Amino acid sequence: MSTKEQPSLIRIARDSGEHTDPEPLDLGARVRELRKARNWTLEQAASQAGLARSTLSKIENGQMSPTYDALKKLATGLEISVPQLFTPPQREQVIGRMAVTRMGEGAAHPTVTYEHELLAETLTKKQMLPYRARVRARSMNEFDGWVRHDGEEFLYVLTGVVKLYTEFYEPVEMRRGDSAYYDASMGHNVISISDEDATILWVTSLA
C-alpha cells in the first residue's frame, strides 16, 4: 500500500457524514427534554423552579418568551447553569446508534498490499473507523514508504502472523490475539509472515 492509499481510506470515512447547518435551538423543546429526562411532571418541574404550572407549560409550548429571572429559576430548578439551557445535546451522542456488519458484507477497498473491508459503513459521523484487513504484503519493499495519518490506531490480529513495523520502534511479531495501540502519525506498515495472508482488525480514530 502506498502512503496515499491509507489517507484515502480515512478520508472516505470522514467524508461519509452529511454536512448540515446547525438548527436553531427550540428553547421550549429543550426545557421539555430536560424535564422529561428527570421524569418530572409539569407540576413537579414548576414547583422545583418556583414557577406557575401554566407559565412553564407556555414556555415549553413556545407561547411565552421567559424573562431572564424565569430562566434563572428554570436553571436552578433543573440543577443546571443558564447557558446549558441553550446548549442542545450532540446528535452523535444519542443513545441507540448501532450497525451490524455480517461477515463478508463490509465495503471492500482492495489495495496492492491490503484488502480492506470497511465495517459499520451505514453509520455517518463516526468517531472511529473500524475495518478488517487481509494482509497481502510479505516485505517492506512492497510499500511506497511509511503510512502516516492523523489520529490513533488500534490493531488486533485475527488470524496468521504479522510483523508490525513502526518508525520509532523495533519491528514486532504479532500472532492471533495480540494487539497494538499507537500514534498513527508515526510511520507504520504491517506485513504477513505466515504462509497464508494474515487478517487483522484495525480501528482508527477520526475525531
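Structure shown above.
It should be emphasised that the depicted structure is a prediction, and the values quoted were computed from it without experimental measurement.

## Quick look at the nonpolar core
Core analysis: the largest hydrophobic core is formed by 24 residues, its most contacted members being L155, V162, V190, I200 and W202. Looking at this core, the elements that each hand over two or more residues are β2 (114-118), β3 (128-135), β4 (152-159), β5 (161-166), β7 (179-183), β8 (188-192) and β9 (198-205). The biggest single contributor to this core is β3, with 4 residues. Sequence-distant contacts of W202, defined by excluding residues within four places in its chain, comprise Y114, H116, L129, P130, Y131, A133, E153, F154, L155, Y182 and V190. Counting 19 residues, the second largest nonpolar core, distinct from the first, contains W40, A45, L71 and L74.

## Looking at the pairing of β8
For β8, a buried count of 5 out of 5 residues is recorded, marking the element as mostly surrounded by other parts of the structure. Where burial is concerned, the two faces of β8 agree: the one with H188, V190 and S192 and the one with N189 and I191 are both buried. Where β5 and β8 come together, 5 bridges link them in antiparallel fashion. The residue bridging L164 from the neighbouring strand is V190, located in β8.

## Side note on the environment of E115
By secondary structure assignment, the location of E115 is in strand β2. Judged by its relative accessible area of 31%, E115 is partly exposed. With 18 residues separating them in the primary sequence, E115 and A133 have C-alpha atoms 5.3 Å apart. Excluding its chain neighbours within four sequence positions, the residues that come into contact with E115 are H109, P110, R132, A133, R134 and R136. At 2.6 Å, the side chain of E115 forms a polar contact with the side chain of R136.

## Brief notes about unusual backbone geometry
Of all residues except glycine, most have a negative phi; of all peptide bonds, most are trans. A positive phi angle, near 60°, is found at N39, a position not held by glycine. On the secondary structure map, N39 appears in the loop between α2 (27-37) and α3 (42-49). Classification of N39 by relative accessible area gives exposed; the value is 66%. Unusually for a residue other than glycine, E79 sits at a positive phi of about 60°. With respect to the helices, strands and loops of the structure, E79 is situated in the loop between α5 (68-78) and α6 (82-85). Residue class for E79 comes out exposed when judged on its relative accessible area of 66%.

Basis of the calculations
- Residues numbered from 1 in each chain as written.
- Predicted model: local features only at pLDDT ≥ 70, side-chain atom pairs only at ≥ 80, totals over all residues.
- Heavy atoms only, no water.
- Core = buried A, V, L, I, M, F, W, Y, C linked by side-chain atoms within 4.5 Å.
- Buried < 20%, exposed > 50% of the residue type's maximum accessible area, 1.4 Å probe, protein only.
- Helix = DSSP H or I, 4+ residues; strand = E, 2+ residues; numbered from the N terminus.
- Contact = heavy atoms within 4.5 Å.
- Pairing = 2+ DSSP bridges.
- Polar contact = N/O pair within 3.5 Å; in protein donor to acceptor, adjacent residues only side chain to side chain.

So, to be careful, I would describe these as geometric facts and stop short of saying anything about function.
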